[in-house]
Each structure stands twice: as C-alpha cells, then as structure tokens.
Amino acid sequence: MTILIIAEHDGAALKAATLNTVAAAQRLGGDVHVLVAGHDCGAAAKTAAAASGVAKVLHADAAHYGDQGAENLAALVEGFIQADAGYTHVLAPATPFGRNVLPRVAALLDSSQISDVIAIESPDTFRRPFYAGNAIALVQSKDKVKVLSVRTTAFDAVAASGGSAAVQSLPAGPDLGLTELVGREVVKLERPELTAASIIVSGGRGLGAADKFHAVLEPLADKLGAALGASRAAVDAGYAPNDYQVGQTGKIVAPQLYVAVGISGAIQHLAGMKDSKVIVAINKDAEAPIFQVADYGLVADLFVAVPELTAAI
Ligand SMILES: Cc1cc2nc3c(=O)[nH]c(=O)nc-3n(C[C@H](O)[C@H](O)[C@H](O)COP(=O)(O)OP(=O)(O)OC[C@H]3O[C@@H](n4cnc5c(N)ncnc54)[C@H](O)[C@@H]3O)c2cc1C
C-alpha cells in the first residue's frame, strides 16, 4: 500500500498543512510518498524529504507548474498514478489548494473523493463531518484509488525535521494550457497566518465598525502574539478582510487559544473554530450561543473588557 500526498508549498518550503496530511497518511499504514510539483521548487522538495514519516519525495519541476494550476497538477498526478499500480490513496490538505486540485484528480481517476476527513478508521473507512460539523459520517470507499482531502486541524503535524527520504525526479506531465495565472496579490501579514496560529483573537459584528475592530483587537493580538480572525458578519460589514473569516465558508482553525469577541456563535462560525483547545468568549449577551462552547466566558461590554484585559496582560 502506497500513499501519494500532493504537497502544498511555496517553492521554498512545505506549507504546514502538508505536515498534517502526512500525519493522516501515517494512520493508513503503508509508504508515504510526497509529490512536490512546481517551478524551481528544489528547496521545497528538500524540506519534504526532511519531514518525519516520508518514505520518498517525487519532484516534478517545470515552468507550467510554476503557478500551481490545478489542471496541470491533476493531469500530472493522474498520469503518474495510472502508470504505477502500487498507489492506493491520494491525499491533499483540505485547504483552498487541495480543494482546487483534488476533485479534478478524483474525476480523472474515476474515484469518489472523500472530503474533510477527520479520522482514519482503516485503509478504506473514514470519518468526515457534514451539516456544518453537527453530524459525522462514517464512509467506506470501494474505489481502487481512494482520494481523500484531510481536515488539517484533526491531525497533529509530523515533525518538519528528522526524516531523510530519497528525492526522485519525475518527468513533467503535459502542459494543458487551459489556465494562466495573470497576477497574484499577496497580503503581507505582520501576524501569524490564521490557520497556523496557536492563538487567535477573533472579532464579530459586536465591534460595530472597521476602525473599532482594529483599535480594540489589535493591541490584544499584539500582546498575545496572535493572529486576527473575524466572523462572516464582520467581514461582510467591511470590518476585516475576507481572508480573516473563520467558519464553514471561511477558514477552519483549531488553535491552542481562540478569543471570540462580540461574536454570537452561529453554527456556521462554530464549524470553523469549535475544535480550538481553549475558547474564551466576551459578549454582553449572557444567552449568546458562543458561551455553550466557551471554556471561559465573560459577560461584559467588549469596549470595556478588552482594553482592561489587554492592559492586564
Ligand atoms: C451558508 C452560510 C455560511 C456561513 N458561513 C459563515 C462563516 O464561515 N463564518 C461565520 O462567522 N459566519 C458564517 N455565516 C453567518 C452566520 O450565520 C452568522 O450570521 C454570523 O456568524 C454572525 O456573526 P457575528 O456573530 O459577528 O454577528 P451577530 O450574530 O450579529 O453577533 C454579534 C454579537 O456581538 C455581541 N455584542 C454586540 N455589542 C457588544 C458589545 N459592546 N460587547 C460585547 N458583545 C457585544 C452581541 O451580543 C452578539 O452576540 C454563514 C451563514 C450561512 C447561511
């Protein structure tokens, strides 16, 4: 049994989500191979080889993988899997990257993708959430090659070092020429990346305005070394950018500490953060549903409580 993981990387190093995916693959048993496809991505292939639990790294380097386009990547993976009957599973993290590539791989392999896997019961049986995490399905796959996207928060990452896998060059697949990356606007974050942060301070509609969102939450986040997150209502109201959104249609996070400020706790928000290790909620409404999942709750006006908390840290 051999498992292929499609690595998410930036050319220089693996993204943390790939290390969580390796951890999920280890639960399957069998050899774990990691595909690093990109352009000038030799450094990323080396970081993959150093990750604990990786048996082999497959390195495909070509200009047409430079933009990580899903079409070319999926064609590469399909060609490779069809040529080597030993592969039984293809995994990728359930991040925007994995959600883009993996369904195409599944379609090309005529497999039914199993998305957002949170537990591996056996090589063909998995658990995944549905109804925004309110129910868990136990799914058995009879596909020859099982295609799984992995909910990264459900698996602790393997160590980024300690491994010494061989790196094998892979001939590039076809350039389908179907898409072209026209531009990329990268927001330079001063803070930790939301999905990798160990502490998140998140704000909701209770903040009332964009300037208050930043004026109240940033000093607290600075003191805690935290990433900033937001509810969808806060994003829709323009208090915070889109990529701050936590929840069913935003990012799924599970930090050590999640501080929810002026967030009511709608199920779609909880779907993105309820696996956080410690949840602190500050809300002036004692009946707010967020208190049902909070480990520590403070019924207070956030405009008083948050500056006091910040000053006390
Ligand atoms: C298909 C679908 C997908 C969705 N996806 C997401 C998603 O990914 N993420 C997400 O967050 N939402 C999502 N939503 C929206 C979700 O249903 C809620 O509308 C949203 O989460 C509410 O955001 P909120 O808690 O900031 O706002 P509200 O529900 O308006 O809550 C604001 C809270 O602030 C408190 N408050 C107000 N003033 C103060 C004060 N001065 N001090 C202290 N507390 C105060 C209030 O008591 C209240 O509890 C989705 C909805 C749908 C239908």
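These figures come from a predicted structure and were not determined experimentally. The written sequence of each chain sets the order in which its residues are numbered from 1. Where totals are concerned, whole chains, interfaces and linings use all residues; where local detail is concerned, this predicted model gives features only for residues with pLDDT of at least 70, and gives and counts side-chain atom pairs only at 80 or more. With hydrogens and water stripped out, all remaining heavy atoms of the structure feed into the side-chain values.

## Let's talk about the site of the ligand
Counted only if it meets this: Proximity criterion: a residue is near a molecule or strand once any of its heavy atoms comes within 4 Å of it. By the criterion applied in these results, polar contacts are pairs of N or O atoms within 3.5 Å in which, for protein atoms, one can donate a hydrogen and the other can accept it, and in which residues neighboring in sequence qualify only through two side-chain atoms. Only the protein chains shown count as cover for residues, and all accessible areas are computed by the Shrake-Rupley method using a 1.4 Å probe.
Surrounding the ligand, one finds 25 residues, the nearest of these being Arg205, Ser231, Thr249, Ser264 and Asn283. At 2.6 Å, a side-chain N or O of Thr249 approaches a nitrogen atom of the ligand. In the model, a nitrogen atom of the ligand is placed 2.8 Å from a nitrogen or oxygen of the Leu302 main chain. Relative to its unbound accessible area of 980 Å², the ligand is 75% covered by the protein chains.

## Some points on the environment of Ile200
Rules: We count a stretch as a helix when DSSP gives it H or I for four or more residues in a row; a strand needs E for two or more, and each element gets its number in order from the N terminus. Residue contacts are counted whenever heavy atoms from the two residues lie within 4.5 Å of one another.
Looking at the element boundaries, Ile200 is found in strand E11 (residues 199-203). Between the alpha carbons of Ile200 and Phe97 there is a distance of 22 Å; along the sequence they are 103 residues apart. Ile200 has contacts with Leu194, Ala226, Ala227, Leu228, Gly229, Val253, Pro255, Leu257, Tyr258 and Val259, leaving out every residue within four places of it along the chain.

## Here's the deal with the packing of helix H5 (residues 210-224) against helix H9 (residues 302-312)
Our working rule: Every axis in this analysis is a line fitted to C-alpha atoms, fitted for helices over the stretch in contact. Angles between the N-to-C directions lie between 0 and 180 degrees. Convention used here: angles under 35 degrees read as roughly parallel, angles over 145 as roughly antiparallel, angles from 65 to 115 as roughly perpendicular, and any remaining angle as oblique. A clockwise turn of the near helix away from the far one marks a right-handed crossing, whereas an anticlockwise turn of less than a right angle marks a left-handed crossing. Throughout this entry, Asp, Glu, Lys and Arg are counted as charged residues, while Ala, Val, Leu, Ile, Met, Phe, Trp, Tyr, Cys and Pro are counted as nonpolar. The remaining residues, Gly among them, count as polar.
Contact geometry for H5 and H9: axes closest at 9 Å, N-to-C directions at 25 degrees. Of the possible angle classes, the one that applies to H5 and H9 is roughly parallel. At the point where H5 passes H9, the crossing takes the left-handed sense. Contacts between H5 and H9 involve Lys212, Val216, Pro219, Leu220 and Lys223 from the former and Leu302, Phe303, Val306, Leu309, Thr310 and Ala311 from the latter. By residue class, the composition of the contact of H5 with H9 is 8 nonpolar, 1 polar and 2 charged.

## A closer look at the domain arrangement of the protein
For clarity, the cut-off: Per the annotation, domain bounds derive from an automatic or database assignment of domains. Note on terms: buried area is the combined drop in 1.4 Å-probe accessible area of two parts once they are placed together, counting the loss on both. For this document, the term salt bridge refers to a Lys or Arg side-chain nitrogen within 4 Å of an Asp or Glu carboxyl oxygen.
For the protein, the assigned domains read domain 1 (2-169) and domain 2 (194-312). Each of domain 1 and domain 2 has a C-alpha centre, and the two are 31 Å apart. At the junction of the two partners, domain 1 supplies 6 residues and domain 2 supplies 7 residues. Where domain 1 abuts domain 2, roughly 630 Å² becomes buried across the two surfaces, and 54% of that area is made up of carbon and sulfur atoms. Our count for the domain 1 to domain 2 interface comes out at 0 salt bridges. Where domain 1 meets domain 2, there are 1 residue pair in polar contact (both at pLDDT 80 or more). Here the residues of the side of domain 1 that touches domain 2 sort into 1 nonpolar, 3 polar and 2 charged.

## What about the packing of aromatic side chains?
Note the cut-off: A pair of Phe, Tyr and Trp rings is counted when the ring centres sit within 6.5 Å of each other, with Trp represented by its six-membered ring. The angle between the planes then sorts it: under 30 degrees is stacked, over 60 is edge-to-face, the rest tilted. Each residue is placed in one exposure class: buried if its accessible area under a 1.4 Å probe, protein chains only, is under 20% of its type's maximum, exposed if it is over 50%, and partly exposed if it falls in between.
Per the stated rule, a full pass over the model turns up 2 aromatic pairs. Ring centres of Phe80 and Tyr87 lie 5.2 Å apart, and the angle between their planes is 50 degrees; this geometry places the pair in the tilted category. You'll find Phe80 and Tyr87 in the same group, each marked buried. Taking the centre distance of 5.0 Å and the plane angle of 35 degrees together, the rings of Phe130 and Tyr131 count as tilted.

## A closer look at the sheet that holds E11
To be explicit about the condition: Note on pairing: two strands pair once DSSP finds at least 2 bridges between them.
The 5 strands are arranged E12-E11-E13-E14-E15 in an open sheet whose pairing can be described as parallel. Edge positions in the sheet fall to strand E12 (227-230) and strand E15 (296-299), since each of these pairs with one other strand and no more. Here the average twist between neighbouring strands, direction ignored, is 15 degrees. Pairing of E11 with E12 involves 4 bridges; the strand directions are parallel. By the bridge assignment, Ser202 is partnered in E12 with Gly229. Each of E11, E12 and strand E13 (257-261) is contacted by H5, which is oriented at about 170 degrees to E11, the strand it contacts most. Sheet contacts for H9: E13, strand E14 (278-283) and E15; angle to E14, the most-contacted strand, approximately 135 degrees.

## Describing the packing of helix H3 (residues 70-83) against helix H4 (residues 96-109)
Closest axis-to-axis distance for the H3/H4 pair is 9 Å, and the angle between their directions is 45 degrees. Judged by the angle between their axes, H3 and H4 are oblique. Taken as a pair, H3 and H4 cross one another with a handedness that is right-handed. Contacts between H3 and H4 involve Ala70, Glu71, Leu73, Ala74, Ala75, Val77, Glu78, Ile81 and Gln82 from the former and Phe97, Asn100, Val101, Arg104, Val105, Leu108 and Leu109 from the latter. Classifying every residue of the contact of H3 with H4 gives 11 nonpolar, 2 polar and 3 charged.

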